[in-house]
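Okay, here's what each chain looks like letter by letter:
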Amino acid sequence: MLAQGENQADRHQGYPRRTKLRTYPENPADKAIKLGLAPYHSLAPKLNALQQKSNRISVEVAGQSGLGRDLYLVTLTAPESPLETRVQERFRATIEEGRNVPAGLYKAPIWINNNIHGDEWEGTDGALRVIEHLATSNDREVQNLLRRSRIYFNLTANPDGRVAGTRENSAGFDLNRDFVTNSQPENRVMQEMVERTQPLMMLDEHGYSANTLIEPTTPPHGQNYDFDLYIKHGYAGGLQMEKAVQALGHPEAAKPEIPFRDYPVGEWDGWAPIYTAQYAMYHGAVSYTIEIPMRVNRGDYNTQPVAELQRRSKINADVVEATIKSTLDYVDDNRRNLIAGQSEMFRRGAAGEAQRYIPDGFVPGFGPEDRFSTEFPRAYVITNDRSAPATARLVDQLVRHDVRVERAEKPFTLSGKRYPAGSYVVDMHQPKRGLANVMLEQGSDISDKAPVMYDISGWSHRLLWGASVDVYKSGSFRFDGKPVVAAAPTGDVNAAPGADLALTLTDGKDVNAVNDLLGRGIELRRQDDGTVVVPARERAAAKEVADRYGVRFTTAKPGGVALQRKVVAAAVSADELQVLRESGFEVRTISTAVLNAGFDWSRIDVLYVGAGLDYAGLNATAKASLNAFLQRGGVVTRGRTGSKFNVDAKLLQATPVAGWEDANGVVNVVNGTGPIGTGALPHSFVYGPQWFTNLGAGVTVEQRYGSTVVAAGHWHARANGTGGQDAAAGQAAVVSGTSANGTKTVLFGTEPMFRNHPKGLYAQVARALFWAGSR
């Protein structure tokens, strides 16, 4: 896949690639200025000047941030003719096929990612020092290094957060949690960078951790890695960076910490593919998260004297510079082994070979606690059995991430099951099988493998994205297929002429289609099972949205009540807000403060409470206005904030029970036959899960936790024995009902919109909003 705005000719145009970067007005509010660091508006002029001065530096605009700021890919290398660039690209592709190249002729690629968290600034500034040194130094060693290497810098991965001084991007997302979902534009750019450059080694420059933190991580390590190929260089490179940081002579960075060596199990794990470094490993990189030592953000930014902040920032930039230069030296000294190791990883994948057993002491400290592995299936088959738009979305996501997918030209049989032409096959004999598997596998319950985990421990595109995916474990197979560049169109109107049309809400795209039609003023009906009916006279509009969203209409059965467009008042987290808006709902964001300041409820149909709203914290006027709305409108809640709202507002009789606060992952669920449980997936996602007991009369259980709760994740009981999986088994996870004052209410103890990841659950939320908001 090519970067945004790039075509094949661009990839082969040679170096340098000079771009006259657009400049931005000076912004005195840029939070970097106080720290003595480079404000965003200074970056383009600096890079423009360096491009005029040196033929070793190239700058390309790789994409834009959420607010439209340019994202800069800076490349340092000796000049190349277009022919030389084509040769390098051929070498890169040959390595990806698992074959050897002349190591002496291949330019070793290294990728440095900076400032992914906006209020961890100094990666950008340390990188600028290295960029200028490499572009302008007359040192023969530098010039020779650039003849043997291409060094890529994502100068600031999160410019909107950099300017605003926020960890998150402008949409409120932590970009270092989004890599296999890549819901954010900045993440899509980074994903394209790592695939395009295929680095031998990469750094993700963060802050702040006392002394400096240098990966490799503690266990658990991702089970899909060829970890033997990573850890031998990962540990050695980390030790070399440690020496470089110590050589700076800063007492504040005298004792760098290497989690693999220094931390307890799980405190800085390498399990989830959501982080930059852990994701990049699937593209062949020996990768590191670096945490520089001196805190300058959050409370310190506002309380420390400016001189002290600038002193700390300079130390931090020194550390960044040292880690980058040490990495360049390590790659240059070990380039042949690193190239061979990357090629070997891809070769094993293409050959379908088993992962290697890693013995104790393989590197100092490696033991049983570090040993994680999997048996790769032979293939995955993706069909339209459940949801055509979900199938297309999953296929396109896989292809986007450089996973190879084929589309069957003819029907075929696998494990006794007949698959139609058009089915998609992911043959796991492919170079990036680890990435394919981490996206498609179920995952593991690792509750007994680590006492704590740094972040989420379960995810699965197969279980949570809504497509129908079969696993073929082993054996040979044959089918006639062609490589997929993009999924085939899925939209269809398959109903008799003159008949009303039915759309079953099984996917977020179905919700898009419904909200699109409602927004045009088309009269729709909603049936008891959640099916939406379009009048026969609106067939042309149905055909239009079928093509636009890839949804499929069938012949409707009689019945249904009028369905109007819903306006949602939403007290939500950033991920929930993005999903609701992407689903086509008209959303008015609220909070306790917004309601206390006065809020017009007249056009609101349903209230969604997930974060930031405390009923008890409302003043008398706001509470009276809300209570008046509850006489006519509906409520959907999620999590502890939502459950507390339900109790305080005296809506449904349902006692919320909190599971272990750090529990998270993919859970097995059993669906009921109510308006929200009908047709839902058999899996959901939790993060600080809840369940509901002491249910009152008329409260319907829409979904229960399964008898085996965790499909993949980390969930154990508290020290006092409460809140564990056993306590949750069989309990109500989602309930619905009508309160004594007539408020239709749905309570979610799960996380159906978590970080924009569980896309197959969005329709369940929409069904809840449509049901609760209807009278």
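What counts, and where the lines are drawn
Residues numbered from 1 in each chain as written. Predicted model: local features only at pLDDT ≥ 70, side-chain atom pairs only at ≥ 80, totals over all residues. Heavy atoms only, no water. Pairing = 2+ DSSP bridges. Helix = DSSP H or I, 4+ residues; strand = E, 2+ residues; numbered from the N terminus. Axes fitted to C-alpha atoms, helices over the stretch in contact; angles between N-to-C directions. Contact = heavy atoms within 4.5 Å. Buried < 20%, exposed > 50% of the residue type's maximum accessible area, 1.4 Å probe, protein only. Core = buried A, V, L, I, M, F, W, Y, C linked by side-chain atoms within 4.5 Å. Expected span 1.5 Å × (residues − 1). Bend = angle between axes of the 7 residues up to and from the residue. pLDDT = per-residue confidence, 0-100. Salt bridge = Lys/Arg side-chain N within 4 Å of Asp/Glu carboxyl O. Patch = residues over 30% accessible without salt bridge, like charges linked within 9 Å, V, L, I, M, F, W, Y side chains within 5 Å. Areas by Shrake-Rupley, 256 points an atom, 1.4 Å probe, with all protein chains shown as cover. Lys, Arg positive; Asp, Glu negative; His and termini not counted. Charge placed at Lys NZ, Arg CZ, Asp CG, Glu CD. 1 Å grid on protein atoms, 1.4 Å probe; cavity = no way out; pocket = protein on both sides within 12 Å on 5 of 7 lines; lining within 4 Å. Points joined across faces, edges and corners; volume = space filled by probe spheres on them. Nonpolar A, V, L, I, M, F, W, Y, C, P; charged D, E, K, R; others polar. Phe/Tyr/Trp six-rings, centres within 6.5 Å; stacked < 30°, edge-to-face > 60°. Lys NZ or Arg CZ within 6 Å of the ring centre and 35° of its normal. Parallel < 35°, antiparallel > 145°, perpendicular 65-115°, else oblique.

1. With respect to the sheet that holds strand 22 (residues 561-563)
By definition, the strands of a sheet pair up through backbone hydrogen bonds, in either a parallel or an antiparallel sense.
Moving on, step 1. One open sheet holds the 6 strands; their spatial order is 17-21-18-20-19-22, and the pairing between them is mixed. Strand pairing shows two members of the sheet lacking a second neighbour, strand 17 (492-494) and strand 22, which therefore form its edges. Averaged over all adjacent pairs, the angle separating strand axes in this sheet is 35 degrees, with direction ignored.
Moving on, step 2. When strand 17 meets strand 21 (residues 552-555), the two strands line up parallel, connected through 3 bridges. Looking across to strand 21, one finds that Asp492 is bridged to Arg552.

2. Description of the sheet that holds strand 1 (residues 57-64)
Moving on, step 1. One open sheet holds the 7 strands; their spatial order is 1-2-4-3-5-9-6, and the pairing between them is mixed. With partners counted over all chains shown, the strands left at the sheet margins are strand 1 and strand 6 (213-214), one partner each.
Moving on, step 2. Note: strand 3 (residues 108-114) against strand 5 (residues 201-207), 5 bridges, orientation parallel. Bridge pairing in strand 5 places Ile110 opposite Met201.
Moving on, step 3. On the sheet, helix 7 (residues 185-197) packs against strand 1, strand 2 (70-76), strand 3 and strand 4 (149-154) and is oriented at approximately 165 degrees with respect to strand 3.

3. Comments concerning helix 18 (residues 574-582)
Given 3.6 residues per helical turn, the α-helix brings residues three or four places apart onto the same face.
Moving on, step 1. All of the buried residues along helix 18 are Asp575, Glu576, Leu577, Gln578, Val579 and Leu580.
Moving on, step 2. Those residues of helix 18 that are buried lie in contact with strand 23 (567-571), strand 24 (586-589), strand 25 (606-609), strand 26 (634-638) and helix 23 (762-772).
Moving on, step 3. With its phi angle positive at about 95 degrees, Gly584 sits one or two positions after the end of helix 18.

4. What to know about the nonpolar core
Moving on, step 1. Formed by 138 residues in total, the largest nonpolar core has its most connected members in Tyr72, Leu76, Phe153 and Val426.
Moving on, step 2. It is helix 12 (residues 306-351) that contributes the most residues to this core, 12 residues altogether.
Moving on, step 3. Dropping the residues within four chain positions of it, Leu76 is found in contact with Arg56, Ile57, Ile131, Leu134, Ala135, Leu146, Ser149, Arg150, Ile151 and Phe153.
Moving on, step 4. Val493, Leu580, Trp715 and Tyr762 belong to the second largest nonpolar core, which has 59 residues in total.

5. Some details on helix 12
Moving on, step 1. An ideal rise of 1.5 Å per residue puts 68 Å on 46 residues; helix 12 reaches only 57 Å between its terminal C-alpha atoms.
Moving on, step 2. Helix geometry: helix 12 is bent most strongly at Asn334, by close to 80 degrees.
Moving on, step 3. Gly352 occupies a position one or two residues after helix 12 and carries a positive phi of about 70 degrees.

6. Remarks on the confidence of the model for the chain
Detailed reading of the predicted coordinates is not advisable wherever pLDDT is low.
Moving on, step 1. Summarising the model, the chain shows a mean pLDDT of 97, and 99% of its residues fall at 70 or more.
Moving on, step 2. Confidence drops under a pLDDT of 50 for residues 1-9, and excluding neighbours within four residues, the segment shows 22 contacts in the predicted structure.

7. A word on the pattern of salt bridges
Moving on, step 1. All told, the structure shown has 59 salt bridges when counted by the stated rule.
Moving on, step 2. Glu344 serves as the salt-bridge partner of Arg348, at 3.0 Å between the closest nitrogen and oxygen. In this pair, Arg348 and Glu344 are both assigned in helix 12, 4 residues apart and thus about one turn of the helix distant.
Moving on, step 3. Close ionic contact of Glu586 with Arg588 constitutes a salt bridge, the shortest N to O distance being 2.8 Å.
Moving on, step 4. One connected set of salt bridges, linked through shared partners, spans Asp226, Asp228, Glu344, Arg347, Arg348, Glu353, Arg356 and Arg433.

8. Description of a negative patch on the surface
Moving on, step 1. A cluster of acidic side chains, namely Asp139, Glu141, Asp329 and Asp333, defines a negative patch on the protein surface.
Moving on, step 2. Accessibility expressed as a relative area gives 61% for Asp333, which makes it exposed.

9. A word on empty space enclosed by the protein
Moving on, step 1. In this structure the tally under the stated criterion is 7 cavities of 30 Å³ or more.
Moving on, step 2. One number sums up the size of the largest cavity: a volume of about 240 Å³.
Moving on, step 3. The set of elements that each furnish at least two residues to the lining of the largest cavity consists of helix 8 (227-246), helix 12 and helix 14 (433-440).
Moving on, step 4. Looking at the lining of the largest cavity element by element, the count peaks at 6 residues for helix 12.
Moving on, step 5. Of the residues belonging to the lining of the largest cavity, the class tally is 12 nonpolar, 8 polar and 3 charged.
Moving on, step 6. Space inside the second largest cavity adds up to approximately 170 Å³.
Moving on, step 7. The wall of the second largest cavity is formed by 14 residues, among which Glu89, Arg92, Arg150, Tyr152 and Arg196 lie closest to the centre.
Moving on, step 8. Sorting the residues of the lining of the second largest cavity by element identifies helix 3 (82-96), strand 4 and helix 7 as the ones contributing at least two each.
Moving on, step 9. Here the residues of the lining of the second largest cavity sort into 4 nonpolar, 3 polar and 7 charged.

10. Things to note about the packing of aromatic side chains
Moving on, step 1. If you walk through the whole model with that rule in mind, you get 24 aromatic pairs.
Moving on, step 2. Note on Trp271 and Phe372: the rings are 5.6 Å apart at their centroids and 65 degrees apart in plane angle, and the pair reads as edge-to-face. Of the two residues, Trp271 sits in the loop between strand 8 (269-270) and helix 10 (276-280) while Phe372 sits in the loop between helix 12 and strand 10 (379-383), which places them 101 residues apart along the sequence. Each member of the pair, Trp271 as well as Phe372, is classed as buried.
Moving on, step 3. Every member of this aromatic cluster is reached through a ring pair, and the members are Phe412, Tyr419, Tyr472, Phe477 and Phe479.
Moving on, step 4. Here Lys34 stacks its cationic end above the ring of Tyr301, 4.5 Å away from the centre of that ring.

11. Remarks on the packing of helix 16 (residues 508-519) against helix 23
Moving on, step 1. In contact at an axis separation of 7 Å, helix 16 and helix 23 are set at 40 degrees when each is read in the N-to-C sense. In this structure, helix 16 uses Gly508, Val511, Val514, Asn515 and Leu518 to contact helix 23, whose residues at the interface are Tyr762, Ala763, Ala766 and Phe770.
Moving on, step 2. Tallied by class, the residues present in the contact of helix 16 with helix 23 amount to 7 nonpolar, 2 polar and no charged.

12. So, the pairing of strand 31 (residues 700-714)
Moving on, step 1. Counting buried positions over the 15 residues of strand 31 gives 11, a clear majority of the element.
Moving on, step 2. Bridge count between strand 28 (residues 664-671) and strand 31: 7 bridges; the pairing is antiparallel. What sits directly across from Asn671, in strand 31, is Gln703.
Moving on, step 3. The pairing of strand 31 with strand 32 (residues 732-738) spans 4 bridges and is antiparallel. When the bridges of strand 32 are listed, Thr700 appears paired with Ser736.

13. Here's the deal with unusual backbone geometry
Moving on, step 1. Of note, the bond from Tyr15 into Pro16 is cis; its omega dihedral lies within 30 degrees of zero at 5 degrees.
Moving on, step 2. Along the chain, the position of Pro16 falls in the loop between helix 1 (8-11) and helix 2 (43-53).
Moving on, step 3. In this chain, Pro219 is followed by Pro220 through a cis amide linkage whose omega measures 0 degrees.
Moving on, step 4. Despite not being glycine, Arg298 has its phi angle at roughly 50 degrees, a positive value.

14. Quick word on the environment of Met294
Moving on, step 1. In this fold, Met294 is placed in the loop between strand 9 (286-292) and helix 11 (298-303).
Moving on, step 2. Residue classification places Met294 among the buried residues on the basis of a relative accessible area of 12%.
Moving on, step 3. For the pair formed by Met294 and Ser209, sequence separation is 85 residues and the distance between their alpha carbons is 7.1 Å.
Moving on, step 4. Once you skip the residues sitting within four places of it in the chain, Met294 turns out to touch Tyr208, Glu252, Arg311, Arg312, Ile315 and Asn316.

15. Remarks on the packing of helix 8 against helix 12
Moving on, step 1. One can describe the packing of helix 8 onto helix 12 by two numbers: an axis separation of 9 Å at closest approach and a directional angle of 170 degrees. The orientation of helix 8 relative to helix 12 falls into the category roughly antiparallel.
Moving on, step 2. Residues that form the contact of helix 8 with helix 12 fall into these classes: 10 nonpolar, 9 polar and 5 charged.

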